[in-house]
Each structure stands twice: as C-alpha cells, then as structure tokens.
Amino acid sequence: MSNNKYKILIVEDEVNIQSFIKANLEINDYQVICAETCALGMIMYASHHPDLIVLDLGLPDQDGMTLIQNVRKADTTPIIVLSARSNESDKVEALDLGANDYITKPFGTEEFMARIRAVLRSHRHSQETENTTGGLFRLHDLLIDYDKRQVFIENDEIDLTQTEYNILSYLSMNSGKVVTYAAIIQAIWGYSDYGSVKKLQVNMKNIRKKMGVTPGEKRYIVNELGVGYRMLEDEE
Ligand code: CA
C-alpha cells in the first residue's frame, strides 16, 4: 500500500452504505478502513491515525457524537458526519463538538467526494506541526503500541489475533475501570447476546495465556466475576 494515499476511517453500521462509500473512496485512490461501532471506531482511530473520519451518528453502541468528543480531546483529525438526522439542532451540535462538515443521507457521490476533498484541503492548510504522541500504553512490563498494533511484554512481542488485540487495546483505553462483558462485546463485535460472553471468555483466556498469566492471577487484567474485566493502571 502506498504511503502517500490518504487514509479514511468509515464508522458506519449500515453495511450497504459502508460498502458504497468504501467503493467510491477506493476508486478515487483513498485507503479505507471501517468500523461498525463507536468503540471500535475509537480503537481504529487510535491505532491507524486516519487522515479523515466519515462518521454515522446512529451507531449500535453509542451516539456518534461521543466519538467526535473523544477525537477532539486528542487532535484535529477532520470528521465528516454522515447522518439521516436532518434537523438543525443535530447539525449544530455535531459542528459545535468539532465536526468539520455534515452531510445528510441520502447524498450523491459527486457531492460526497467534493466534500471529502474540501475538508482534506482545508485541514492541510490549517495543520500545525504538532506531533501526536500518546500512541503507547504502558503497564509495568506490558507495552501496547497503538500505532503499530503491537503488544510487548519485557520487550518480547506477543502474537495476538486481530480480535484479541482489539479486546486488549479496548481494555487498556479504559484502564482502571471495570468494563462490562456487554460493553466489550458491543465494542468489538457490535452486538450483544449471551452466547458471545463465552466467545469473549475464550478470547480472554487466550490473551492471558499469551501474556504468560496463569489462571486466577491478577496481573494486567482483573476478572470481575459475572461483571466484566478491568485493566490495571500503572500505579497498581
Ligand atoms: Ca446507523
């Protein structure tokens, strides 16, 4: 993949719209990554540093407005909201929170591409030479490099699957807090049903094993039985 391509993150749960936008962007030589939930969108944003985010507001886990707020706490990555909500107050809220543009569904391809180009252009002009640090998470001998999607323990890289990495990075972004099973499931898979708790537990078991943690040991991650998981903070 060439490095001079703009990388665009689409956060959209409707499959048809997601693939329509993706196809159009790729035809126009953009690199595209996708997320179906707000939480996964945050993970992708933190680990891939997209040049622009196309954001739906009606997402299964949280309102897209939350993502705007969270991204703006970190940096000025351009955000184009794509929403079926056409009322003024939603537009105002999104723009007030720091979205760069707002497109109402349904929309035409030409218009969409023109807005993408315009937002990228104006962002490039206004961009300062600020450096995004904070791409690392440390907990004792554990190191997560969000930029490279790599995890190390005592400088040895651990080989995680995509899902395992997503779970671990999600917990690390919420370190110190108990994250419920349902919240993790929604963040990673975008849906919630009882069967997926088992799936989550299997993944957690593999993550711990790969990290060299023996069952019952409270290293890095604490299992709050029947509730969820909590990643420790550095001082703990
Ligand atoms: Ca939606």
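Residues numbered from 1 in each chain as written. Predicted model: local features only at pLDDT ≥ 70, side-chain atom pairs only at ≥ 80, totals over all residues. Heavy atoms only, no water.

Undergrad: Which parts of the structure should I look at to understand the side chain of Asp-61?
TA: Along the chain, Asp-61 falls in the loop between β3 (52-56) and α3 (64-74). For the buried Asp-61, which has no salt bridge, the nearest side chain bearing the opposite charge is Arg-85, at an N-O separation of 11 Å. Polar contacts involving the side chain of Asp-61 include one to the main-chain amide nitrogen of Cys-38, which spans 2.9 Å. With near-sequence residues (within four places) excluded, Asp-61 lies in contact with Thr-37, Cys-38, Ala-39 and Gln-186. (Helix = DSSP H or I, 4+ residues; strand = E, 2+ residues; numbered from the N terminus. Buried < 20%, exposed > 50% of the residue type's maximum accessible area, 1.4 Å probe, protein only. Lys, Arg positive; Asp, Glu negative; His and termini not counted. Salt bridge = Lys/Arg side-chain N within 4 Å of Asp/Glu carboxyl O. Polar contact = N/O pair within 3.5 Å; in protein donor to acceptor, adjacent residues only side chain to side chain. Contact = heavy atoms within 4.5 Å.)

Undergrad: Could you clarify how one ought to interpret the coordination of the calcium ion in this entry?
TA: By definition of the ideal shapes, four donors in a tetrahedron about a metal sit 109.5 degrees apart, and six donors in an octahedron sit 90 or 180 degrees apart. For the calcium ion, the full set of protein donor atoms is Asp-13 (OD), Glu-14 (OE), Asp-56 (OD) and Gly-58 (O), and the range of their distances to it is 2.2 to 2.8 Å. Read in sequence order, the donor residues for the calcium ion give the motif D-E-x41-D-x1-G. Pair noted here: Glu-14 is in the loop between β1 (7-11) and α1 (15-27) and Asp-56 is in strand β3, with a separation of 42 residues, a long-range link. (Donors = N, O, S within 2.8 Å, 3.2 Å for Na, K, Ca; no water.)

Undergrad: For this particular structure, what's the right way to read the sheet that holds strand β2 (residues 31-35)?
TA: Within a sheet, each strand pairs with its neighbour through backbone hydrogen bonds, oriented either parallel or antiparallel. The parallel open sheet is built from five strands, whose spatial order is β2-β1-β3-β4-β5. In this open sheet, the two edge strands, each paired with only one partner strand, are β2 and β5 (101-104). On average, each strand axis in the sheet is tilted by 20° relative to the strand beside it, whichever way the strands run. Where β3 and strand β4 (residues 79-83) come together, four bridges link them in parallel fashion. Its bridge partner being in β4, Ile-53 is matched across the sheet by Ile-79. Each of β1, β2 and β3 is contacted by helix α2 (residues 38-48), which is oriented at about 145° to β2, the strand it contacts most. Sheet contacts for helix α4 (residues 88-97): β4 and β5; angle to β5, the most-contacted strand, approximately 150°. (Pairing = 2+ DSSP bridges. Axes fitted to C-alpha atoms, helices over the stretch in contact; angles between N-to-C directions.)

Undergrad: So what exactly am I meant to see when it comes to the packing of aromatic side chains here?
TA: In this description, a pair of aromatic rings is defined by centroid distance and the angle of the planes. Across all of its chains, the model carries four aromatic pairs by this definition. Ring centres of Phe-20 and Phe-107 lie 6.3 Å apart, and the angle between their planes is 55°; on these two criteria the pair is classed as tilted. With a gap of 87 residues between them, Phe-20 in helix α1 and Phe-107 in the loop between β5 and α5 (109-126) connect regions that are remote in the sequence. When the ring of Tyr-181 is compared with that of Tyr-229, the centres are 5.6 Å apart and the planes differ by 75°; the resulting orientation is edge-to-face. Of the two residues, Tyr-181 sits in helix α7 (residues 181-189) while Tyr-229 sits in strand β12 (residues 228-231), which places them 48 residues apart along the sequence. When sorted by exposure, Tyr-181 lands in the same class as Tyr-229, which is buried. Aromatic ring contacts, followed pair by pair, group Phe-20, Phe-107 and Phe-112 into a single cluster. (Phe/Tyr/Trp six-rings, centres within 6.5 Å; stacked < 30°, edge-to-face > 60°.)

Undergrad: Help me understand the side chain of Asp-56, please; the structure alone is not making it clear to me.
TA: Exposure remark for Asp-56: the relative accessible area of 4% places this residue in the buried category. Setting aside residues no more than four positions away along its own chain, Asp-56 makes contact with Val-11, Glu-12, Asp-13, Glu-14, Gly-64, Leu-82, Ser-83 and Lys-105.

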